[in-house]
Amino acid sequence: MSTRLSTGGRLIDRAKPVSFQFNGRKMQGFQGDNLAAALLANGQVVMGRSFKYHRPRGVVASGAEEPNALVGLGEGGRFEPNQRATTTELFDGLTAISQNHWPSLDFDVGAVNSSLSRFLPAGFYYKTFIHPRAAWKHLFEPFIRKSAGLGKPSNPGDPDTYEHAYVHVDLLIVGGGIAGLQAALTAAKTDAKVLLLEQEAHWGGRAPVDGAEIDGVAAEEWIKNALQTLEAAPNVTLRKRCMGSGVYDHGYALAYERCTDHMPGAAGPRHRLWRIRAGQIITATGALERPLSFSGNDRPGVMLASALRDYIVNYGVSPGDRVVVVTNNDDAYRTALAVKDSGLTVACIIDARASADGPLPQACRDAGIRVETGKAIAGVGMKGKALKFVDICAQAGEGSVLETVGCDAVAMSGGWSPVVHLWSHCGGKLLWSEDNFHFYPDVTRFPTDHKGAQYVRTAGIASGAMLTHEVLGNASESAVAALEQLGHSAEAWRPSATGSEEGAMAPVWVMPQGASKAKKSKMWLDFQNDVKVSDVELAAQEGYQSVEHTKRYTTLGMATDQGKLSNINGLAVLSGALNQPIPQTGTTTFRPPYTPISMGVIAGPGTGKTFQPLRKTPMHGWHEANGADWEPVGQWRRPYCYTKSGESREAAVSREIRNTRDSLGLLDASTLGKILVTGPDAGKFLDMLYTNMMSTLKPGKCRYGLMCNENGFLMDDGVVARLDENSFLVHTTSGGADHMHAHMEDWLQCEWWDWKVYTANLTEQYAQIAVVGPNARKLLEKLGGMDVSKEAMAFMEHADGELAELPVRVYRISFSGELSYEIAVPANRGLELWEKIVEAGAEWNITPYGTEALHVMRAEKGFIMIGDETDGTVIPQDLNLSWAISKKKEDFLGKRAQARSHMASAERWKLVGLETIDGSVLPDGAYALAEGTNENGQRNTQGRVTSTYHSPTLGRGIAMGLVLHGPDRMGEVLKFNKVDGSAVEAKIVDPVFYDKDGEKQNV
Amino acid sequence: MLKFTCPYCGIEASETELAAGGEAHLKRYGPGSSEQDFEGYLFLRKNPKGVHLERWRHVMGCGKWFLAARHTATLEVFGTYSAQTHEPPAEIIENIRAKFPEWQA
Ligand SMILES: [Zn+2]
């Protein structure tokens, strides 16, 4: 049973008790505790359940690598799942719940998975997907759904704020252990701008726990002095609780700062994402201890030797009264000494090596601790949920039990792996050490920056330097190399250090060496995802050789801890099963982030109103005050319609259309793209951009045109107005203005750079108002100031002048089929003109209309809409727009492509109108059904609906669509599918439903 | 996140300021060109593990297109230059050949 010791705990303040809750139970800890330590202090050994088998699990590590002790933290909007208890600082009022269990942590129905585990082997999901299909749907899926899922999603309505911070530094150092501090001390002597990050709330890393002496003082003292020096250095910034999350191209790095997780509700952002551009990066990220693979190694009470030592030394917490230490290296002996020093009992040290005679084993023997070499753990005995004993066997054998040793905690150590993640993110390569049996950075194959030079270096244990004086020397040398790259001269030095001598370790990947299959199926590699030695061996037996494939097949290392504890052990087992050396198997790819970062911090301040900029026309406020029902159009908001009190959307749209067609409507068309194209070669340029001829357009005239890309597909359409000899104003679709301007610039800058043409996107410089309907001319005449008669301004003409004493440009164009003027006015006068028009139009019941009325009226006239009739695969010929494709021009963008055989094929679907027999509205996107099925057993089709509306003018459904040989099949009735499986009949008709001869607009 | 120096405004710009535009120095084939030439122009792109001449636009800056010589594996940038040329300037070719003597544009 775990408990709080009466003394000790270098990080806790016993004078400051803290209350918290776990699964509703009130508990007490101390300031400085992490949640895992506080739970252990309260006797709570079981902290969670595993993902697949729901096995009860205790904490196994003491830091970021923890796979087991995941909890849901907080309540309401601040609830967050999958938080590691080992990196959660305790605060007064903390509430946590355990995960993956039902109905309770102590009794879990899903744990039945565990007894079914022989039916859920490696690749279970893949195998089950294949056969039999019925079993998946009715048996496996419901079962898996109930037991799957890691934690619960958090609630909407996060009350906290998050921010992004941008910073440029010369040298970024990730990791504030003694290596990072030494690197920073080296750099502090220069004037390089340095940022030093530490993921935990404390500086110095493991050195104080491991008891090294540096420069003649205890590590803790050395760290304190180093911090004082660094805090005084004007060129060094220190940031703790800030995890270096990823290294990216050209010196870019991300860091994740947990600002107020330990004091919820405090002022300021909860998390901060540091977006760092660094000249040089040093990763002093230390190493992680590996578990040992013995039967029962996942039982609560079994933990890493370093973690057990941390709980005693850092938090004054005893994980158990009688501890068994099992190891293949000398470092774990430090744990035995720490246990002994704290007054607890070391039942036995089980060392898999044939002999252990270094200074640390000797110190343990001198302290009276029993050391058994050449031995292994054969199994772990439990009584209820409490660990009771271990069985000891020979490491060389198959597991015959030699002795049973009573204990309530096991400290295991399989050696240490440098944290090479950040080194590897941008291509740093690794070597395998035959001394320490781990991967470490290959300094000759480093990540390169924009100059092709090295920009990431490792320092200390992350380099594979295992002894304290080597760690410090290596850190200083890495800093000097980075500083020299930056043009600073610095000097490396190697502080003296003692207390870190260790004997050689031995590789032990399975314990005992000849363990049976039954034993291997109880040896956990990946604790969180429940992957065992037997699973990896099965994968190898089934033919998986690549470590990347095995990872995905078994899910090894795919949990939220990303295999920090399991990867090396897993690939060692795979190498063993494949009978090849470990470096030949290699590692899986290291990808950022190093540990999970919050979704909130990724979004940063970019949520709600700041998610993206909102573009407003000058009349936006008027629309809002007059019942606008908004619709997003790109970054603009446009009124879909204006609803009156008690009116439905459909009724509003019908009213707007009827009033416009019968009398007078007005539309805010300001979002329409307006691009000025000017210069002596402007006409020549537009002839290349448009499929039709623009250079022949006379000043004062307008022409509708189509733009295609080089693939021949329609990109945009709109009206071009020629302003004078050298200048054209190009109107684009509302959503297409920026894109079309970029398109023009691409061709002007990169292909026809010697053409004398200048473009300017004037979209926001002008407000534009369409005045539409039979009374439109009367209204303009009432406003007064210019001649808008049929004689002065014919259809498709424009003129500059004055209306209602405002400077305007009036275009006589129509997208509704009615008599229509579009009036452009400087944007800052837009609202003024709009209000004057509304006032003057009262006598004709002038009606503002929205985008839906606009769409319906254009569809009634058979006008196409980019994005409805086109989808990036449609050419003008498909839309019967061949009249707008110049035969005279030698060249235009898309011309060559439209000559390709598939484009010229008579089998392409072509535009027609569609009228349902019953008058109903066709479903949007519905397909015209054809006889038979294709090779996938799907129904053959012969067309599809591209636009479909209820027409208030005609009192029935109207639609446009693309149909095979459509224009040749007028009058034919087709069947269109509906989502409920039924079909609806529609007749092929002319797409112009209303005023076919254009009599209404030519008045 | 890559960074390039815009040869027009001189700013060392992060990728977030830039838009990538694919292979540089494509020769346009228009009406009358063979199916093979047109296919090559429209669809066939170099994909070297090595030095690549490519188009970038300083879209969140001066708006200009420029070209860059970048190694796709080491990410080394041998130089950026005007888009208004049919080949890289001699200086950039020299930079590339200093490391890859065999390199051909
Ligand atoms: Zn620029």
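Nothing here was measured: the structure is a model prediction, and the numbers come from that model. (Residues numbered from 1 in each chain as written. Chains lettered and ligands numbered in written order. Predicted model: local features only at pLDDT ≥ 70, side-chain atom pairs only at ≥ 80, totals over all residues.)

With respect to the overall build of chain A
Part 1 of the argument: Per the secondary structure count, chain A includes 27 helices and 52 strands.
Part 2 of the argument: Seen through its C-alpha atoms, chain A measures out along the principal axes to roughly 115 × 70 × 55 Å.
Part 3 of the argument: Looking at the 1003 residues of chain A, the share that counts as buried comes to 52%.
Part 4 of the argument: Counting only contacts in chain A whose residues sit at least 6 apart along the sequence, the fraction spanning at least 24 positions is 65%. (Helix = DSSP H or I, 4+ residues; strand = E, 2+ residues; numbered from the N terminus. Buried ≥ 20, exposed ≤ 12 C-beta atoms within 10 Å, placed from the backbone. Contact = placed C-beta atoms within 7 Å.)

Focus on the overall build of chain B
Part 1 of the argument: Within chain B, the regular secondary structure consists of two helices and six strands.
Part 2 of the argument: Sequence-ordered secondary structure for chain B, helices as α and strands as β, is β-β-β-α-β-β-β-α.
Part 3 of the argument: A burial count over chain B gives 28% of its 105 residues as buried.

Quick look at the interface of chain A and chain B
Part 1 of the argument: In this assembly, 22 residues from chain A lie in contact with 21 residues from chain B.
Part 2 of the argument: Here the side of chain A that touches chain B gets four residues from one element, more than from any other, and that element is helix α22 (residues 737-750) of chain A.
Part 3 of the argument: Its residues placed into classes, the side of chain A that touches chain B shows six nonpolar, six polar and ten charged. (Nonpolar A, V, L, I, M, F, W, Y, C, P; charged D, E, K, R; others polar.)

Topic: the sheet that holds strand β3 (residues 19-23) of chain B
Residues and elements named next belong to chain B.
Part 1 of the argument: Strand order in the open sheet formed by four strands is β3-β4-β5-β6, with antiparallel pairing between adjacent strands. The outermost strands of the open sheet, each flanked by one partner alone, are β3 and β6 (77-82). Sheet twist, expressed as the average angle between the axes of neighbouring strands with direction ignored, equals 30 degrees.
Part 2 of the argument: Relative to the sheet, helix α2 (residues 90-99) contacts β4 (51-57), β5 (65-71) and β6, its axis offset from that of β6 by approximately 165 degrees. (Pairing = 2+ DSSP bridges. Axes fitted to C-alpha atoms, helices over the stretch in contact; angles between N-to-C directions.)

Points about the environment of Glu-822 of chain A
Residues and elements named next belong to chain A.
Part 1 of the argument: Locating Glu-822 in the fold gives a position in strand β45 (residues 820-826).
Part 2 of the argument: The exposure class of Glu-822 is buried, given the 24 C-beta atoms found within 10 Å.
Part 3 of the argument: Separated by 497 residues in sequence, Glu-822 and Val-325 have C-alpha atoms that sit 85 Å apart.
Part 4 of the argument: Excluding anything up to four places from it in sequence, Glu-822 contacts Ala-669, Gln-768, Ala-770, Tyr-811 and Ile-813.

A look at the pairing of strand β44 (residues 806-811) of chain A
All names here are of chain A.
Part 1 of the argument: Pairing of strand β43 (residues 798-803) with β44 involves six bridges; the strand directions are antiparallel. Directly across from Ala-799, in β44, lies its bridge partner Val-810.
Part 2 of the argument: In this structure, the hairpin formed by β43 and β44 is closed by a connection of two residues, where Ala-804 is found at a positive phi of approximately 50 degrees.
Part 3 of the argument: With three bridges connecting them, β44 and β45 associate as antiparallel partners. Bridge assignment links Tyr-811 to a residue of β45, and that residue is Glu-822.

Details of helix α8 (residues 305-315) of chain A
Residues and elements named next belong to chain A.
Part 1 of the argument: Burial analysis of α8 places eleven of its eleven residues in the buried class, which makes it a mostly covered element.
Part 2 of the argument: Those residues of α8 that fall on the buried side of the exposure criterion are Ala-305, Ser-306, Ala-307, Leu-308, Arg-309, Asp-310, Tyr-311, Ile-312, Val-313, Asn-314 and Tyr-315.
Part 3 of the argument: Following α8 by one or two positions, Gly-316 adopts a phi angle in the positive range, close to 60 degrees.

Comments concerning the sheet that holds strand β38 (residues 702-708) of chain A
Residue and element names in this part refer to chain A.
Part 1 of the argument: If you trace the five strands from one edge of the open sheet to the other, you get β38-β39-β40-β37-β41, paired in antiparallel fashion. Because the sheet does not close on itself, it has two edges, and the strands there are β38 and β41 (758-761). Across the sheet, the axes of successive neighbouring strands diverge by a mean angle of 25 degrees, strand direction being ignored.

Concerning unusual backbone geometry
Residue and element names in this part refer to chain A.
Part 1 of the argument: Here the residue pair Met-511 and Pro-512 is connected by a cis peptide bond, since its omega of -5 degrees sits within 30 degrees of zero.
Part 2 of the argument: Mapped onto the secondary structure, Pro-512 falls in the loop between β31 (497-498) and α13 (517-520).
Part 3 of the argument: In this chain, Pro-592 is followed by Pro-593 through a cis amide linkage whose omega measures -5 degrees.
Part 4 of the argument: One can find Pro-593 in the loop between α17 (582-585) and α18 (599-603).

Regarding helix α9 (residues 332-341) of chain A
All names here are of chain A.
Part 1 of the argument: With seven of its ten residues buried, α9 lies for the most part within the structure.
Part 2 of the argument: Of the residues making up α9, those classed as buried are Ala-332, Tyr-333, Arg-334, Thr-335, Ala-336, Ala-338 and Val-339.
Part 3 of the argument: In this structure, the buried residues of α9 make contact with α6 (207-210), α8, β20 (322-327), β21 (345-351), α10 (359-366) and β26 (409-413).
Part 4 of the argument: Two residues or fewer past α9, Gly-343 is found with a positive phi of approximately 95 degrees.

Looking at the packing of helix α14 (residues 533-541) of chain A against helix α16 (residues 567-578) of chain A
All names here are of chain A.
Part 1 of the argument: The interhelical angle for the contact between α14 and α16, taken along N-to-C directions, is 45 degrees, at an axis separation of 9 Å. By the angle class used here, α14 and α16 are oblique. For the element pair α14 and α16, the recorded crossing hand is right-handed. Note on element contacts: α16 touches α14 through Gly-570, Val-573, Leu-574, Ala-577 and Leu-578, opposite Val-533, Val-536, Glu-537 and Ala-540.
Part 2 of the argument: Looking at the contact of α14 with α16 residue by residue, the classes come out as seven nonpolar, one polar and one charged. (Parallel < 35°, antiparallel > 145°, perpendicular 65-115°, else oblique. Left-handed = near helix turned anticlockwise from the far one by under 90°.)

Considerations on the nonpolar core
Residue and element names in this part refer to chain A.
Part 1 of the argument: One finds Leu-171, Ile-173, Ala-184, Val-194, Val-325 and Val-410 to be the most contacted residues of the largest nonpolar core, which totals 175 residues.
Part 2 of the argument: It is helix α5 (residues 178-188) that contributes the most residues to this core, eight residues altogether.
Part 3 of the argument: If we skip the residues at most four places from it in the chain, Ala-184 touches Ile-173, Val-194, Leu-196, Leu-230 and Val-236.
Part 4 of the argument: Core analysis: the next-biggest nonpolar cluster, separate from the first, contains 100 residues, Leu-748, Leu-803, Ile-823 and Leu-854 among them. (Core = buried A, V, L, I, M, F, W, Y, C linked by C-beta atoms within 7 Å.)

Brief notes about the environment of Trp-222 of chain A
Part 1 of the argument: Position of Trp-222 of chain A relative to the elements: it lies in helix α7 (residues 219-232).
Part 2 of the argument: Along the primary structure Trp-222 of chain A and Asp-681 of chain A are separated by 459 residues, whereas in three dimensions their C-alpha atoms are 74 Å apart.

Describing the packing of α9 of chain A against α10 of chain A
Packed helices, taken two at a time, are described by the angle their axes make and the gap between the axes.
Residue and element names in this part refer to chain A.
Part 1 of the argument: Between α9 and α10, whose axes approach to 9 Å, the crossing angle comes to 25 degrees. Our classification of the angle between α9 and α10 gives roughly parallel. You can see that α9 and α10 cross each other, and the crossing is left-handed. Touching Tyr-333, Arg-334, Ala-336 and Leu-337 of α9 are Leu-360, Pro-361, Ala-363 and Cys-364, all from α10.
Part 2 of the argument: Taken together, the residues that form the contact of α9 with α10 break down as seven nonpolar, no polar and one charged.

Focus on the environment of Asp-662 of chain A
Residue and element names in this part refer to chain A.
Part 1 of the argument: By the secondary structure assignment, Asp-662 is in helix α20 (residues 649-662).
Part 2 of the argument: Residue class for Asp-662 comes out partly exposed when judged on the 16 C-beta atoms lying within 10 Å of it.
Part 3 of the argument: For the pair Asp-662 and Pro-774, spaced 112 residues apart in sequence, the C-alpha to C-alpha distance is 6.8 Å.

Geometric descriptors of this kind do not, in isolation, establish any biological role.
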